[in-house]
Amino acid sequence: MANAATKGKLIIFSAPSGAGKTTLVRYLMSAMDNLEFSVSACSRKKRPGEVDGKDYYFMTVDEFKEKIKNGEFIEWEEVYKDHFYGTLRSEVDRIRNSGRHVVFDVDVKGGLNIKKIFGHDALAIFVKPPSVGTLKERLTRRATDDDREIATRVAKAERELSFADKFDVIIVNDDLEKAKRKTLKVVKDFLKK
Ligand code: ADP
Ligand code: 5GP
């Protein structure tokens with residue numbers, strides 16, 4: 001188990017939007033102690049129910065660009081047009097120095113970048129939907145994005161799926177209970193190492 005004397009490890013979740021990352025991350029955080037979510041900065045609009053500082057640090061595109069200029073990000077991506085997302089160095093340092101392990105929900109490129117920086121201290125998990133059709137159904141049922149936004153996310157999914165093999169672990173999220181069990185097992189095994 002980590003403590004303040006040992007730096008925490010990093011657990012990265014990446015997937016196409018709608019694959020079930022948020023669902024699995026929330027489950028993992030409720031099932032284990034000693035984990036803390038790395039809250040990203042982002043420039044998209046807040047969805048109903050989202051809380052600033054908890055889901056994201058919401059900011060304008062200009063504020064985000066200022067942080068890029070100041071070197072405040074470990075990685076950042078313009079995931080969709082004018083929707084910037086980035087991992088704050090301050091957030092990761094604060095959590096790791098406390099001895100807790102950092103959990104990330106980032107896009108596929110961001111996930112691979114974080115893995116490259118932290119190597120064996122990081123576990124990169126790819127959450128895979130059973131199919132692109134299922135992904136679209138889930139995004140439609142989630143009802144947090146309009147049709148255009150959903151179409152953009154589905155269009156991006158094909159390419160993102162081609163990166164799955166570059167991750168340490170792939171979790172197929174078809175039966176949710178099975179996916180939860182596998183998530184818990186791979187994370188516990190990794191933290192034991
Ligand atoms: P992401 O964070 O990857 O965009 P979410 O966790 O928000 O995805 O999941 C997208 C939608 O699919 C949500 O409405 C969620 O409740 C639902 N969902 C997640 N996992 C499953 C599953 N295994 N079977 C059916 N629906 C699921
Ligand atoms: P959403 O708008 O659905 O919350 O997130 C859109 C995408 O941006 C998701 O794939 C999510 O994982 C990704 N994302 C969230 N935070 C970050 C981040 O800090 N960096 C990167 N690269 N992607 C992120």
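Preceding this paragraph is the structure being described.
Residues numbered from 1 in each chain as written. Chains lettered and ligands numbered in written order. Predicted model: local features only at pLDDT ≥ 70, side-chain atom pairs only at ≥ 80, totals over all residues. Heavy atoms only, no water.

## With respect to helix α5 (residues 132–142)
What α5 keeps buried is the set Thr-134, Leu-135 and Leu-139. The buried residues of α5 occupy an angular sector of 135° when projected down its axis, which confines them to one face. Of the surrounding elements, those touching the buried residues of α5 are α6 (147–161). Directly after α5, the chain includes Ala-143, whose backbone phi takes a positive value near 55°. (Buried < 20%, exposed > 50% of the residue type's maximum accessible area, 1.4 Å probe, protein only. Helix = DSSP H or I, 4+ residues; strand = E, 2+ residues; numbered from the N terminus. Arc of directions from axis to C-beta. Contact = heavy atoms within 4.5 Å.)

## So, the site of ligand 2
Inspection of the region around ligand 2 gives 17 residues, with Ser-40, Arg-44, Tyr-56, Tyr-85 and Asp-105 positioned closest. One of the side-chain N or O atoms of Glu-75 is found 2.7 Å from a nitrogen atom in ligand 2. The fraction of the free accessible surface of ligand 2 (510 Å²) that becomes covered by protein chains is 96%. Only β5 (73–80) and β6 (83–88) provide two or more residues apiece to the shell around ligand 2. If you tally residues by element for the shell around ligand 2, the top one is β5, at four residues. For the shell around ligand 2, the per-class residue count stands at five nonpolar, four polar and eight charged. (Near = heavy atom within 4 Å. Polar contact = N/O pair within 3.5 Å; in protein donor to acceptor, adjacent residues only side chain to side chain. Areas by Shrake-Rupley, 256 points an atom, 1.4 Å probe, with all protein chains shown as cover. Nonpolar A, V, L, I, M, F, W, Y, C, P; charged D, E, K, R; others polar.)

## Some remarks on the sheet that holds strand β3 (residues 40–42)
A sheet is described by the order of its strands in space; here four strands give the open sequence β4-β3-β6-β5, paired in mixed fashion. Each edge of the open sheet carries a strand with a single partner, namely β4 (56–58) and β5. Put simply, the sheet's adjacent strands are angled 25° from each other on average, direction ignored. With six bridges joining them, β5 and β6 adopt antiparallel strand pairing. (Pairing = 2+ DSSP bridges. Axes fitted to C-alpha atoms, helices over the stretch in contact; angles between N-to-C directions.)

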